[in-house]
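Residues per chain are reported as follows:
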Amino acid sequence: MSGRYTDFFLSNYCYGAKISARDDLAETLLAERFSGVVRIVYRGSVALQHVAGHTRAGSAWKVRADTRFATASVTKMFTAVCIARLAEQGLCRLDQPASRYVPAANCFGDTATLDALLSHRAGLGDYIDDDAVLPFAAFPVEQLTSVDAFLPYIFKVDRHTPGRFRYSSAGYVLLGAVIEAVTKQAYPQAVRSCVIEPAGLCSTSFGRVDDPSPDYAWGYLENGEPNAQHLPPVGGPDGGIVTTVEDLESFFAWLRGDTAWGDSMKRTMWERISETGVGEGYARGFDVMDIGGRPWVGHTGSDPGVSTRVMFDPASESNITVLCNRGSIAFRVFRLVRRWLDADGWPPNHRLQRLCLKSSGLD
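Since we're looking at a predicted model, the values are computed, not measured. (Residues numbered from 1 in each chain as written. Predicted model: local features only at pLDDT ≥ 70, side-chain atom pairs only at ≥ 80, totals over all residues. Heavy atoms only, no water.)

Q: What exactly am I supposed to notice about the sheet that holds strand 4 (residues 216-217) here?
A: The strands making up a sheet associate through backbone hydrogen bonding, with each pair oriented either parallel or antiparallel. Strands sit in the order 4-3-5 across an open sheet of 3 strands; the sheet is mixed. Each edge of the open sheet is held by one strand with a lone partner, namely strand 4 and strand 5 (242-243). As defined by bridge partners, strand 3 (residues 68-70) adjoins strand 5 across 2 bridges and the pair is classed as antiparallel. Across the sheet, Phe 69 pairs through a bridge with Thr 243, a residue of strand 5. (Pairing = 2+ DSSP bridges. Helix = DSSP H or I, 4+ residues; strand = E, 2+ residues; numbered from the N terminus.)

Below is the structure:
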């Protein structure tokens, strides 16, 4: 993709955007380090799509629009939706402690309700350091293939004052144990039957991090090493689901509709409970962010060699999806996209130009 095409698109899509936001976004997308897919959909139409990089470093296997990516903590949305649907079926209650369903969780007391775990307000610490370059360095990752394998680490996490936001992947592993207890299924199978299949997601699974298929993008560390030896072999309730841009968009559409859950549960799950930044907060399994003066929901995902940022408007067919098989770059891309859109307003006051380029993955 050449700078000539990028300038054409940005100048027509956002006349009023600041030059710095436009140029910074173009520079980031065109950088050799960017490997992944960026897609913006406005009211059902693709407004921007950029595809670059390779699913294997040094190979001829290029990233495509339908490439499958590991998405790290984007998985938490799937776990949260599964819990919500099970609650609507009467199999669990959000106001009940996890120990009602997983007796070994009585060490966390009655304040670790499903609701508190979903919103990261149960007072649980974490079993990994998310700020570390290699969070699983001290773990026998090859053994972490099930929820049960994680629980000994979960039951040892530090405790903090409940009722205050404190991000905890440990809490979501515990929610996965609840899902297994009430469905009598392993977590991946439960999510498949409760969420993936009803939503019609054909390319979403808890596949292996070293999946050899060319349509799966291996993650790569800063030194160029594949990330497979530094993560659990398969995803779990707190992270690691594998999916595509198209499946995520189908997931968003399903959540907006009236078949995934009732209106009351939808409002409950997307209610902003905690403020986490300027115009940003957390609900129950979903980030909430103000974009163009409207609340959007979604999630971020970060693992060694993985960075993901997805947000969607609950009230329209509008989404922003950034999937990368490199660490951290998705967050910079998303921040620039948000700056770009906020500079012009969302929805834009100008005509949308669809980005159809040779490197866009649309041909």
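Q: Where do I start with the pattern of salt bridges in this structure?
A: Note that side chains of opposite charge can pair when their charged atoms are close. In this structure the tally under the stated criterion is 14 salt bridges. The salt bridge partner of Arg 68 is Asp 211, with a shortest N-O separation of 3.0 Å. You can see Arg 68 sitting in strand 3 and its partner Asp 211 sitting in the loop between helix 7 (187-196) and strand 4, a full 143 residues away along the chain. Here the two residues Arg 68 and Asp 211 agree in accessibility, since each one is buried. With a shortest N-O distance of 3.1 Å, Asp 215 and Arg 68 are connected by a salt bridge. With Asp 215 in the loop between helix 7 and strand 4 and Arg 68 in strand 3, this pair connects stretches of sequence that are 147 residues apart. Taking relative accessible area as the criterion, Asp 215 reaches 35% and is therefore assigned partly exposed. Under the relative-accessibility criterion, Arg 68 is labelled buried at 11%. (Salt bridge = Lys/Arg side-chain N within 4 Å of Asp/Glu carboxyl O. Buried < 20%, exposed > 50% of the residue type's maximum accessible area, 1.4 Å probe, protein only.)

Q: Hey, could you run me through the packing of aromatic side chains in this one?
A: A ring pair, where both rings are aromatic, is described by two values, the distance of the centres and the angle of the planes. Counted according to the given criterion, the structure contains 15 aromatic pairs. Between Tyr 127 and Phe 150, the ring centres sit 5.7 Å apart and the planes meet at 80 degrees, which makes this aromatic pair edge-to-face. Here Tyr 127 is found in the loop between helix 4 (114-118) and helix 5 (147-154), whereas its partner Phe 150 is found in helix 5, with 23 residues between them in sequence. A ring pair is formed by Phe 165 and Tyr 282, whose centres lie 5.6 Å apart and whose planes are at 45 degrees; its orientation type is tilted. One end of the pair, Phe 165, is in the loop between helix 5 and helix 6 (169-183); the other, Tyr 282, is in strand 7 (residues 280-282), and 117 residues separate them in sequence. Site record: aromatic cluster; members linked through ring pairs are Phe 78, Phe 251, Phe 252, Trp 254, Trp 261, Trp 270, Phe 286 and Phe 312. The cationic tip of Lys 76 hangs over the ring face of Tyr 172; the distance from NZ or CZ to the ring centre is 5.8 Å. Between Arg 309 and the ring centre of Phe 334, over which it is positioned, the NZ or CZ distance is 5.0 Å. (Phe/Tyr/Trp six-rings, centres within 6.5 Å; stacked < 30°, edge-to-face > 60°. Lys NZ or Arg CZ within 6 Å of the ring centre and 35° of its normal.)

Q: Can you walk me through the sheet that holds strand 1 (residues 36-42) in this structure?
A: Pairing is antiparallel across the open sheet formed by 8 strands, whose spatial order is 2-1-11-10-9-8-7-6. Across the chains shown, the open sheet's two edge strands, defined by having one partner strand only, are strand 2 (45-52) and strand 6 (274-277). Each neighbouring strand pair of the sheet contributes to a mean axis angle of 20 degrees, computed without reference to strand direction. Packing of helix 8 (residues 245-256) onto the sheet brings it into contact with strand 1, strand 10 (306-312) and strand 11 (319-324), and relative to strand 11 it is tilted by some 145 degrees. (Axes fitted to C-alpha atoms, helices over the stretch in contact; angles between N-to-C directions. Contact = heavy atoms within 4.5 Å.)

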